[in-house]
Amino acid sequence: MPSTPEPVPFSRRFRYALRTYRAAISVFVLAVGSFLTVLAAGYFTPLANSGPFPAINGMTAQPTTNYNLLFVILGPIIVIVGAYLVGAYYNARHQFERLMVTKSKAEFLRNIPELERLLWDLTPLDERRYEDKCAELRVRR
């Protein structure tokens, strides 16, 4: 009687999803940080009297809790983290694409350590492309 395969643990599926959608997640983190920073700037600068900020400030600055103070602290921190994530991903993507163009086996062999280092910052699809390139050039790993 065939046994049913064990389900994949949630933590592994979650990590796989994070790696698969790394670019979208990093852009989202940058956008959230930028949004929080704009909300903070809209409360503590003269912009508080113009545009949509009076209505927004009415919601975020309650009599008991002023969330704009939290936005001042968290907004720039999240922007820095998001900018790092976006920059690291697109820099790794650019270098990976440049190194994968080669048709020479010798040049590809020289680039393998760098390619494998870059794969930590890229998606599982890129790992598959790397494995296909190794098979195409008959590189044993």
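Refer to the preceding data block for the structure.
What counts, and where the lines are drawn
- Residues numbered from 1 in each chain as written.
- Predicted model: local features only at pLDDT ≥ 70, side-chain atom pairs only at ≥ 80, totals over all residues.
- Heavy atoms only, no water.
- Salt bridge = Lys/Arg side-chain N within 4 Å of Asp/Glu carboxyl O.
- Helix = DSSP H or I, 4+ residues; strand = E, 2+ residues; numbered from the N terminus.
- Buried < 20%, exposed > 50% of the residue type's maximum accessible area, 1.4 Å probe, protein only.
- Axes fitted to C-alpha atoms, helices over the stretch in contact; angles between N-to-C directions.
- Parallel < 35°, antiparallel > 145°, perpendicular 65-115°, else oblique.
- Contact = heavy atoms within 4.5 Å.

Colleague: An account of the pattern of salt bridges is needed here, citing residue identities and associated values.
Modeller: Within this structure, the stated rule accounts for 6 salt bridges. Note that Arg-117 is salt-bridged to Glu-114, the shortest N-O span being 2.6 Å. Of this pair, Arg-117 and Glu-114 are both found in helix α5 (residues 105–118), 3 residues apart, which corresponds to roughly one turn of the helix. Note on Glu-114: relative accessible area 29%, which makes it partly exposed. With a shortest N-O distance of 3.7 Å, Asp-126 and Arg-129 are connected by a salt bridge. Here Asp-126 pairs with Arg-129, and both are found in helix α6 (residues 124–136), just 3 residues apart, close to one helical turn. A network of salt bridges, in which partner residues are shared, links Arg-93, Glu-97, Asp-126 and Arg-129.

Colleague: Can you explain the packing of helix α2 (residues 22–44) against helix α3 (residues 53–60)? Please cite residues and give values.
Modeller: Axis separation between α2 and α3 bottoms out at 10 Å; the angle between their running directions is 100°. Relative to α3, the element α2 is oriented roughly perpendicular. Touching Val-38, Leu-39, Gly-42 and Tyr-43 of α2 are Phe-53, Ile-56 and Asn-57, all from α3.

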